[in-house]
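Survey of secondary and tertiary structure
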Amino acid sequence: QQKAEDVIKAQCEKAPVVAELWHGFRGGAPRAALENLAVEFNKMNAGKGCVRPISQGGYRDLSTKIKAAFAAGNLPAMAQAFENNIALYLEANALLPLDGKLEHLSDLNPFFVNAVKFDGKLYGLPFNKSVQILYFNRDLLSKHGVDVPKTLDDFIAAAKKISEAEGEPVYWFRPDTSTYAYWFFNMGGSYLHDGKVVVNSPEGVKALETLVQGVKDGWAKPITSGYINQNFGKGVYGFSTDSSAGYSYYLRAAKFDLGIATLPGTAAHPGYGLVQGTNLIVFKDVDTKQQAVAFQFLNFVSGPKAQALFAAATGYVPINLKAVDEPVLQDHLMENPDFQVVIDQANYAAFEPAIPEWEQIRFDILGQAITEAVLGKATPKEALDKAQKQVEDLLSGKIR
Ligand code: FGO
């Protein structure tokens, strides 16, 4: 069987119009599922135009390359973008509004659609949107007679109990802004206070202290290199709070019975998970023929069938609310009832701020502070106070 990438190359060589789609998938199921959608679209659209997905590395490489393309004038027709990336690209007036162009709009999950509206206009198609979920080692929980935790307190107690018995920490986490967001949101934190970005709120300090204390108390293990699924086998894994888009990777890497559940929250409802993954955007400054192909592609990938296939293959949330009625997703749910968790968790999810500077803040400022505190180089309060100062300097234009 030919590689999807080669099939696409051949399809595009014959096409009168080629619309590039720059993305941040390095490989695995997400990239394969995207390429499969492009192959299908290009077949349907043969003789008219084709879409060529091009991997730009990871998500941050992607936004770096897009910013460079603004200057170089070689933008693709389409790209993936986080909500904050959209806010940044809008400062350069680089995006085409999608209002009136999306035929499935009324079937799309409004929670994700609202997040790509800026000044009342729609600038993205939610495409590969994920939510954090609880991953766990079912074998290990059974061994210790521990139930899947429902509340934050249950969660910490379960992690402590199993870690003590095993003699090593079983809650694995990447000391980054994504993991931190889970604890922060569920301790009542929010980043925006009267329009001001606040990263050193009492809830923020408490969330970071919980992780730091978890490491000291021996129930939480920072994973400082690679994804959690890439570290399986290096110690006893019990739990993680991670993107649903990791599901295919986790399943493939786990040598144990992998379970997923909605996040621990309160007795009344699941915890809130961070929304990640991206939207598809269309650039303004490209050939209108390419833009026309791009709009057709957006309509193809947001249809119920395409969303059902994409979600089942990856663990991304089906964005089209009718996807669950599709036979592919029905069959997938019969074979793997756990997938319902992803759909349920999408009702308990929260975004980071969609401000142009957020990507820089989440990685270079807040992410740094979280790593420093977890590695014991600063106390949580010191690290977050320093981060707050950096955020203020950045937003007031003192640093870039
Ligand atoms: C990733 C990143 C952002 C922003 C969040 C932002 C930029 C986070 C987090 C930093 O599509 P998601 O849910 O999941 C990714 C998907 C495709 O690569 O699969 C996940 N994956 C991949 C390989 C693997 O072995 N295991 C695995 O789980 C992968 O995480 O996006 C989540 C991870 C991060 O990239 O380190 O979104 N993120 N907000 N990135 N640039 N800007 O504002």
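Parameters and conventions
Starting from 1, residues in each chain are numbered consecutively following that chain's sequence as written. A pLDDT threshold of at least 70 governs which residues receive local features in this predicted model, and a stricter bar of 80 or more applies before side-chain atom pairs are shown or counted, although totals over entire chains, interfaces and linings include all residues. Derived side-chain values reflect all non-hydrogen atoms in the structure, with water molecules and hydrogen atoms excluded from consideration. Under the scheme used here, helices are H or I runs from DSSP no shorter than 4 residues and strands are E runs no shorter than 2 residues, and both carry numbers assigned from the N terminus. Our radius of gyration looks at C-alpha atoms and nothing else; its globule reference is 2.2 Å times the residue count to the power 0.38. For every residue, the accessible area obtained with a 1.4 Å probe (protein chains only) is divided by the maximum for its type, and the residue is called buried under 20%, exposed over 50%, and partly exposed between those limits. Surface accessibility in these figures is a Shrake-Rupley result with a 1.4 Å probe; residues are shielded only by whichever protein chains are displayed. His is not counted, nor are the chain ends, whereas Lys and Arg count as positive and Asp and Glu as negative. Positions of charges follow a simple convention, taking NZ of Lys, CZ of Arg, CG of Asp or CD of Glu. Paired strands, as defined in this entry, are two strands with at least two bridges between them according to DSSP. Geometry of aromatic contacts follows a simple scheme: Phe, Tyr and Trp rings, the Trp one being its six-membered ring, pair when their centres are within 6.5 Å, and the pair is stacked under 30 degrees between planes, edge-to-face over 60, tilted otherwise. Contacts are assigned to residue pairs that have any heavy atoms within 4.5 Å of one another. One fewer than the residue count of a helix, multiplied by 1.5 Å, yields its expected span. We call two N or O atoms a polar contact when they sit within 3.5 Å, provided that within protein one can donate a hydrogen and the other can accept it, with sequence-adjacent residues counted only if both atoms are side-chain atoms. Nearness here has a simple test: a residue counts as near a molecule or strand if at least one of its heavy atoms is within 4 Å of that partner. The nonpolar class holds Ala, Val, Leu, Ile, Met, Phe, Trp, Tyr, Cys and Pro. Asp, Glu, Lys and Arg form the charged class, and all remaining residues, Gly among them, are polar. Here, axes are lines fitted to C-alpha atoms. For helices the fit covers the stretch in contact, and angles between N-to-C directions go from 0 to 180 degrees. Helix crossings are classified by the rotation of the near helix relative to the far one: an anticlockwise turn of less than a right angle makes the crossing left-handed, while a clockwise turn makes it right-handed. Nine residue types can take part in a nonpolar core, namely buried Ala, Val, Leu, Ile, Met, Phe, Trp, Tyr and Cys, and a core is a set of them joined through side-chain atoms within 4.5 Å.

Assigned secondary structure in the protein chain consists of 16 helices and 14 strands. Compactness check: the protein chain gives a C-alpha radius of gyration of 21 Å against a globular reference of 21 Å for 400 residues, within 12% of the reference. Projected onto its principal axes, the C-alpha coordinates of the protein chain cover approximately 65 × 55 × 35 Å. Looking at the protein chain as a whole, 57% of its 400 residues qualify as buried. For the protein chain, the exposed surface amounts to about 17,100 Å²; the carbon and sulfur share of it is 50%. Positive and negative charge centroids in the protein chain, built from 39 and 44 side chains respectively, lie 5 Å apart.

Taken across its 10 residues, strand 13 (residues 273–282) has 10 buried, putting it largely inside the fold. Note: strand 6 (residues 125–137) against strand 13, six bridges, orientation antiparallel. Across the sheet, the residue bridging to Leu 125 is Leu 280, located in strand 13. Relative to strand 14 (residues 349–350), strand 13 runs parallel, the two being bridged by two bridges. Along strand 14, the bridge assignment pairs Gly 273 with Ala 349.

Moving on, we come to the packing of aromatic side chains. What the rule picks out here adds up to 35 aromatic pairs. Here Phe 70 and Tyr 89 contribute two aromatic rings whose centre-to-centre distance is 5.5 Å and whose plane-to-plane angle is 85 degrees, an arrangement assigned as edge-to-face. On the criterion of sequence distance, the pair formed by Phe 70 in helix 3 (residues 59–72) and Tyr 89 in helix 4 (residues 83–91) is long-range, its members being 19 residues apart. Classification of Tyr 89 by relative accessible area gives buried; the value is 0%. Note on Tyr 171 and Phe 173: the rings are 5.8 Å apart at their centroids and 10 degrees apart in plane angle, and the pair reads as stacked. Both residues of the pair, Tyr 171 and Phe 173, count as buried. One aromatic cluster is present, built from ring pairs that chain together Tyr 135, Trp 172, Phe 232, Tyr 237, Tyr 247, Tyr 250 and Phe 256.

What follows deals with the environment of Ile 319. Structurally, Ile 319 can be placed in the loop between helix 12 (304–314) and helix 13 (327–335). Sequence separation between Ile 319 and Asp 287 is 32 residues; the distance between their C-alpha atoms is 28 Å. The residues contacting Ile 319, other than those within four sequence positions of it, are Asp 107, Leu 108, Asn 109, Phe 112, Pro 126, Phe 127, Lys 129 and Gln 307.

With that settled, consider helix 11 (residues 288–301). Compared with the 20 Å implied by 1.5 Å per residue over 14 residues, the 20 Å span of helix 11 between its first and last C-alpha is a close match. Residues Gln 291, Val 293, Ala 294, Phe 295, Phe 297, Leu 298, Asn 299 and Val 301 constitute the buried set of helix 11. For helix 11, the N-terminal cap is Asp 287; the gap from its side-chain oxygen to the backbone nitrogen of Lys 289 is 3.0 Å.

For the rest of this paragraph, the subject is the site of the ligand. Taken together, 20 residues lie near the ligand, and Tyr 59, Ser 130, Ser 243, Tyr 316 and Glu 359 sit nearest. In this structure, an oxygen atom belonging to the ligand sits 2.5 Å away from a side-chain N or O atom of Ser 130. At 3.4 Å, a side-chain N or O of Gln 276 approaches an oxygen atom of the ligand. For the ligand, whose unbound accessible area comes to 790 Å², protein coverage reaches 90%. Counting residues per element, the ones that place at least two in the shell around the ligand are helix 3, strand 13 and helix 15 (358–374). At three residues, the largest contribution of residues to the shell around the ligand is made by helix 15. Across the shell around the ligand, the residue classes break down as eight nonpolar, eight polar and four charged.

Turning our attention to helix 8 (residues 177–186). Given 3.6 residues per turn, any residue in an α-helix points the same way as the ones three and four places further on. Counted residue by residue, helix 8 has 10 buried out of 10 residues, so it is predominantly covered. Among the residues of helix 8, Thr 177, Ser 178, Thr 179, Tyr 180, Ala 181, Tyr 182, Trp 183, Phe 184, Phe 185 and Asn 186 are the ones counted as buried. In the stretch just after helix 8, Gly 188 is the one whose phi turns positive, near 90 degrees.

Before going further, it helps to examine the packing of helix 9 (residues 202–216) against helix 15. Direction vectors running N to C along helix 9 and helix 15 enclose 35 degrees, while the axes themselves pass 9 Å from each other. Crossing handedness for the pair helix 9 and helix 15: right-handed. Between helix 9, through Leu 208, Val 212 and Val 215, and helix 15, the contact on the second element is made entirely by Ala 369, Ile 370, Ala 373 and Val 374. Tallied by class, residues from the contact of helix 9 with helix 15 come to seven nonpolar, no polar and no charged.

Moving on: the nonpolar core. The tendency in soluble globular proteins is for nonpolar side chains to be buried side by side. Ranked by size, the top nonpolar core spans 85 residues in total, and within it Met 78, Phe 283, Phe 297 and Leu 298 carry the most contacts. If near-sequence neighbours (up to four positions away) are discounted, Met 78 is found in contact with Ala 19, Glu 20, Leu 21, Trp 22, Val 51, Ile 281, Val 282, Phe 283, Ala 294, Phe 297 and Leu 298. Phe 185, Met 187, Tyr 191 and Val 199 belong to the second-largest nonpolar core, a separate cluster that totals 52 residues.

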